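Inside the fold
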Amino acid sequence: MTGTKRRRRAFWRKIHAVRFEDIKLWCIRRLPILKWMLIYNWKENLIPDTVSGVMLAIQQVTQGLAFAVLSSVHPVFGLYGSFFPVIIYAIFGMGRHVATGTFALTSLISANAVERLVPSISTNFTANNNSGALGLSEFEMQRIGVAAAVSFLGGLIQVAMFLLHLGSATFLLTEPVISAMTTGAATHVVTSQVKYLLGMKMPYISGPLGFFHIYAYVFENIRSVQVEALLLSLLSIVVLVLVKELNEKFKRNVKVVLPIDLVLIIATSIACYYADMEYVYGLEVVGHIPEGIPSPRAPPMNVLPQVVTEAFGVALVGYVASLALAQGSAKKFKYCVDDNQELLAHGLSNVIPSFFFCIPSAAAMGRTALLYSTGARTQVACLISCALILVVIYAIGPMLYWLPMCVLASIIVVGLKGMLMQFRDLKKYWNVDKIDWSIWVSTYVFTICFAANVGLLYGVVCTIVIVIFRFPRAKTVNLKNMKEVEYKYKTEDNCESLKHIKIISVNNPLVFLNARKFHADLIKIIQKDSTSTQAYEDVNKCEQNTLLCSFSNGSCRGESLLQPCCRERHALILDCSGLNFFDYTGVSVLLQIYMDCKNRHIDVLLAHCKASLIKAMQYGGNLESENAIFFESISSAIDSIQINRNYSKFSEQSEV
């Protein structure tokens with residue numbers, strides 16, 4: 001009893017110790033909207049956010065309708081999925097240019113559960129049995145119930161990952177794995193739309209090697225292709241690709257691009273209505289779209305055990321794709337994104353909307369690219385798009401009855417162009433690291449043969465196994481050799497000119513596992529303002545990533561690289577003799593360090609570089625410089641620095 005009282009007192013003591021400032025900081029950390037909304041610049045940001053919001057709403061509506069069909073549910077549920085998740089992410093998310101909503105990959109995954117638990121009885125959305133809620137058939141309500149259950153459970157998994165702080169584990173998801181997985185999933189999506197593009201009646205085919213079975217079925221039943229649907233699909237694809245390319249080409253000259261998706265939907269709907277294509281040519285159309293927002297209803301909990309596999313796929317694939325876009329936008333516009341907070345934001349964006357008949361959601365590359373091109377500044381653009389989508393749900397939705405399904409399929413296929421163009425990354429990976437190239441190819445093959453979540457799991461496991469195999473074979477830097485080099489230059493008379501030079505030896509392979517730590521350690525060394533003694537002591541604190549060798553002694557104290565104590569440019573020499581192997585992420589970090597130091601007016605030189613590293617860096621980035629960058633040894637690098645400094649002094653004296 002005494003122990004129970006003691007625990008109670010300790011609990012209430014912690015409660016009373018909580019201050020208002022602590023609660024305020026917690027709310028700001030978990031509700032990012034409280035931070036950026038209070039400092040929102042209405043004068044500068046409202047107009048570009050409004051323009052972006054209008055364009056985003058158009059794309060959200062078209063993609064919502066299309067991806068709902070991809071998810072094997074009624075198109076109206078895609079409109080709900082373009083409204084509720086966007087609001088939730090705007091409150092909890094940190095990506096300023098991340099527009100969550102319906103997503104092709106998560107829709108394809110949830111379609112597996114929908115078709116398995118509620119098999120298709122008719123693909124015609126204009127069924128007359130409208131006895132269920134929203135004026136839709138009971139069959140449609142059962143289907144959206146399964147999709148909502150997948151969204152609910154997938155969101156719970158993401159929230160659980162947030163509570164376990166698994167956001168930091170995303171370093172295992174390398175760029176080649178994500179690129180291959182998304183490309184393979186996009187290939188699956190295109191394949192799933194073949195039946196609409198050709199106007200064929202086709203049973204739902206999934207499972208291992210289902211990708212190949214679909215095309216086998218198409219060739220076996222090639223005579224059942226509907227010519228009218230095929231011609232309309234080809235025309236739609238040509239128009240979409242042509243106009244989008246023109247928009248991309250002239251986007252700098254034209255502030256507002258032509259919303260060709262919306263124009264195509266309106267034009268084909270009007271043509272289908274007046275030509276009565278549904279009955280004359282047998283074209284499949286969207287059909288009845290209910291008005292308004294439905295009353296909230298909990299997803300059917302009895303199906304949760306049966307959708308665990310799809311829920312994990314939605315949670316992982318959706319988060320990986322969304323986080324990659326959030327990190328890309330943060331890097332582009334120089335702000336920070338918390339990986340763990342993104343788990344919470346996307347988890348709640350799936351859990352809460354599932355009570356409003358929403359399919360699984362995630363961020364999409366096309367929407368993020370649209371926000372880039374239209375000059376969006378904050379999540380206000382997404383909130384404005386929500387207001388316009390609400391107008392569509394209540395007023396415009398019923399007018400989409402005559403929209404042909406083949407046109408929706410064309411919009412889906414063209415919208416995946418960005419993902420499919422990632423095939424071009426193969427050349428990049430081949431030139432930088434052939435093992436990354438092989439991981440990309442094998443992950444893509446696994447994805448199209450099985451599923452996106454299987455391909456993602458394979459890619460992660462394969463990457464870890466390869467790195468574990470390569471790491472023990474790596475050689476580290478010889479500390480004795482570094483001390484000998486340091487001692488040699490201490491005895492010379494040029495100590496004063498060397499005090500602005502720092503030498504950092506990379507004593508580990510540079511791959512995705514340690515690239516972030518290496519970058520952080522290097523920046524700390526560059527920014528640290530300390531004496532040579534303190535800098536030498538930091539050698540033992542670098543945790544086997546970098547070794548700092550400062551050219552200084554008692555009579556010549558090392559200076560911080562950031563101290564403007566003289567007009568001489570600072571220099572940083574990276575000794576790459578211990579860099580036995582690297583991957584694409586490692587080369588990207590080296591290039592980023594080079595550009596960061598260049599912006600700080602710090603000369604960066606690399607010594608003891610292997611030919612493969614020089615080739616990879618020259619291929620991967622813009623290394624144009626007046627002076628040489630790569631050297632055979634540290635001595636030749638120092639000689640080059642002294643020659644350049646003497647030349648600069650001579651030039652200044654000549655000008656005087």
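Owing to the predicted nature of the structure, the values given are computational and were not obtained by experimental measurement. (Residues numbered from 1 in each chain as written. Predicted model: local features only at pLDDT ≥ 70, side-chain atom pairs only at ≥ 80, totals over all residues. Heavy atoms only, no water.)

**Section: the pairing of strand S6 (residues 602–607)**
In terms of residue burial, S6 counts as a mostly covered element, since five of its six residues are buried. Judged from the six bridges that link them, strand S5 (residues 570–575) and S6 form a sheet pairing that is parallel. Opposite Asp575, over in S6, you have Ala607 as the bridge partner. Note that the unit made of S5, helix H28 (residues 584–599) and S6 has a crossover that is right-handed. Judged from the two bridges that link them, S6 and strand S7 (residues 630–631) form a sheet pairing that is parallel. Bridge assignment links Leu606 to a residue of S7, and that residue is Phe630. (Buried < 20%, exposed > 50% of the residue type's maximum accessible area, 1.4 Å probe, protein only. Helix = DSSP H or I, 4+ residues; strand = E, 2+ residues; numbered from the N terminus. Pairing = 2+ DSSP bridges. Right-handed = clockwise from strand over helix to strand, strands pointing away.)

**Notes on the nonpolar core**
Membership of the largest hydrophobic core comes to 123 residues, with the highest contact counts inside it found for Leu65, Phe77, Tyr80, Ile144, Val189, Leu408 and Leu416. Discounting residues that sit within four places of it in the chain, Phe77 has contacts with Ala68, Leu134, Leu136, Glu140, Met141, Ile144 and Phe357. Listed in part, the 40 residues of the second largest apolar core include Ile448, Ile523, Leu590 and Met617. (Core = buried A, V, L, I, M, F, W, Y, C linked by side-chain atoms within 4.5 Å. Contact = heavy atoms within 4.5 Å.)

**Overview of the packing of aromatic side chains**
For the coordinates displayed, the defined rule picks out 19 aromatic pairs. Ring geometry for Phe423 versus Tyr444: centroids 5.2 Å apart, planes at 70°, classification edge-to-face. Here Tyr444 lies in helix H22 (residues 434–449) and Phe423 lies in the loop between helix H20 (417–420) and helix H21 (425–432), a separation of 21 residues in the sequence. Through pairs of rings, three or more aromatic residues link up here, namely Tyr273, Tyr274, Tyr401 and Trp402. (Phe/Tyr/Trp six-rings, centres within 6.5 Å; stacked < 30°, edge-to-face > 60°.)

**Overview of the pattern of salt bridges**
Scanning the entire structure with this criterion turns up six salt bridges. Put simply, Arg116 and Glu310 hold a salt bridge, and the shortest N to O gap is 2.6 Å. Of this pair, Arg116 sits in helix H7 (residues 104–117) while Glu310 sits in helix H15 (residues 308–333), and the two are 194 residues apart along the sequence. Residue class for Arg116 comes out partly exposed when judged on its relative accessible area of 42%. (Salt bridge = Lys/Arg side-chain N within 4 Å of Asp/Glu carboxyl O.)

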